[in-house]
Amino acid sequence: MDADRIDADDEALDAYSRVVTRVAADILPSVAALAVRTGRGAGAGSAVAFAADGFLLTSAHVVAGARSGTATFADGAQSRFDVVGADPLSDLAVLRAGGAVPPATLGDADRLRVGQLVVAVGNPMGLAGSVTAGVVSGLGRSIPARDGRRVRPIDDVIQTDAALNPGNSGGALAASDGTVVGINTAVAGYGLGLAVPINATTRQIIGELVSTGRVRRAWLGVASVPVPLPPPLAARLGQRNGLRVVEVVPGSPAGVAGIFLDDIIVSAGTEPTETVQTLLKLMLGPAIGSRLPLTLYRREAMVDVVTIPAELT
């Protein structure tokens, strides 16, 4: 290997190191180690401050069953926190700690690309202020989340090879610009970590948790599966798939609106419905009691209906 190649490799390594150290310096002051105690015993995790008045973001499973706990920051400052609200179906929770906390900047995970550098900051295995780095190794993953008897996929989950261990849950996954693009939520296996994205949908969930302490979801009363559209229709609409209706709950908003078995939902509002997750994204609080137009493909014809989603209870 010639000297020029060695110098180029050294420069690349230095550039990588500079990015990681800069992001770590930006994020570390905003990340706290959490200690919680519930009827099941003691637990630990991480959280990241996202507002100057003490609001912290973490994973819902970290604080499940707890109303309060202790947050310890990188400078050694310690504060009691209260759980403002938790949403198990997105695995996100908002806490409020006493005192001023330097907030991190929330970014947009929808802009991530596979192979992009990311930095994870948290408190794995009780080791406060740990930093690991890696790349985005996959996007659009789904993991199941349970709230009582309800199971719903958390969609658009970020997969990374940045090392994550128990205690990282609730910590920050940051992009190279220093913005937090995900909340680390699970260790799926060796060399595989997952994070709930920060995007328009999760920002809405966070806002509802801050303002009301809970997330209201809408309900249509249909079950559906993705199916390919007939080629002429797919070409005309510019989308490959729709959602075939496989169940309609009698008396539900979908039933009242006139949706039938084997209808194919091709759009909801202005959104093409190629995946079930697309429809689920629309089922947040503002949809409750509002008009939601659906376009259906039925017996080789397009049919428009208007649904009024009800609150999921």
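Above this text sits the structure in question.
Numbers given for residues are sequential positions, taken from 1 along each chain in its written order. Reporting in this predicted model follows two pLDDT cut-offs: at least 70 for local features of residues, and 80 or more for side-chain atom pairs to be given and counted; totals over whole chains, interfaces and linings ignore these cut-offs and use all residues. Side-chain figures throughout are based on the complete set of non-hydrogen atoms in the structure, without hydrogens or water.

(A) Molecular detail of the pattern of salt bridges. The salt bridge definition used is simple: a Lys or Arg side-chain nitrogen within 4 Å of an Asp or Glu carboxyl oxygen. Per the counting criterion, the structure on display carries 7 salt bridges. For the salt bridge of R214 with E311, the shortest nitrogen-to-oxygen distance reads 3.6 Å. Of this pair, R214 sits in the loop between α2 (200-212) and β13 (218-219) while E311 is found in strand β20 (residues 310-311), placing the two residues 97 residues apart along the sequence. Summary of the burial criterion: residues with accessible area below 20% of their type's maximum are buried, those above 50% are exposed, and those between are partly exposed, where the area comes from a 1.4 Å probe applied to protein chains only. Since its relative accessible area comes to 28%, E311 is described here as partly exposed. When salt bridges that share partners are traced, they join R214, R216 and E311 into one network. Secondary structure follows DSSP: runs of H or I at least 4 residues long count as helices, runs of E at least 2 residues long count as strands, and numbering of each begins at the N terminus.

(B) Layout of the nonpolar core. Within the largest apolar cluster, 32 residues are counted, with the highest numbers of intra-cluster contacts made by I27, V48, F50, L57 and V180. The leading source of residues in this core is helix α1 (residues 3-27), at 4 residues. Here, residues are in contact when the closest pair of their heavy atoms is within 4.5 Å. Contacts of L57, omitting those with residues within four sequence positions, involve A47, V48, F50, A93, V94, G170, I183, I198 and I206. Side-chain atoms within 4.5 Å are what join buried Ala, Val, Leu, Ile, Met, Phe, Trp, Tyr and Cys residues into a set we call a nonpolar core.

(C) Spotlight on the environment of V135. Take V135: it is sitting in strand β8 (residues 130-147). Along the sequence, V135 and Q116 sit 19 residues apart, while their C-alpha atoms lie 5.2 Å from each other. Once residues lying within four places of it in the same chain are set aside, the contact partners of V135 are G115, Q116, L117, V118, Q159, T160 and D161.

(D) Structural context of the pairing of strand β6 (residues 92-97). Most of β6 is tucked away, with 5 of its 6 residues classed as buried. Pairing between strands is defined by DSSP: at least two bridges between them are needed. Here strand β3 (residues 55-58) runs beside β6; their pairing, made up of 4 bridges, is antiparallel. Of the residues in β6, the one forming a bridge with F55 is R96. Linking strand β5 (residues 78-87) back to β6 in an antiparallel pair, the connection comprises 4 residues, with D91 at a positive phi of about 55 degrees.

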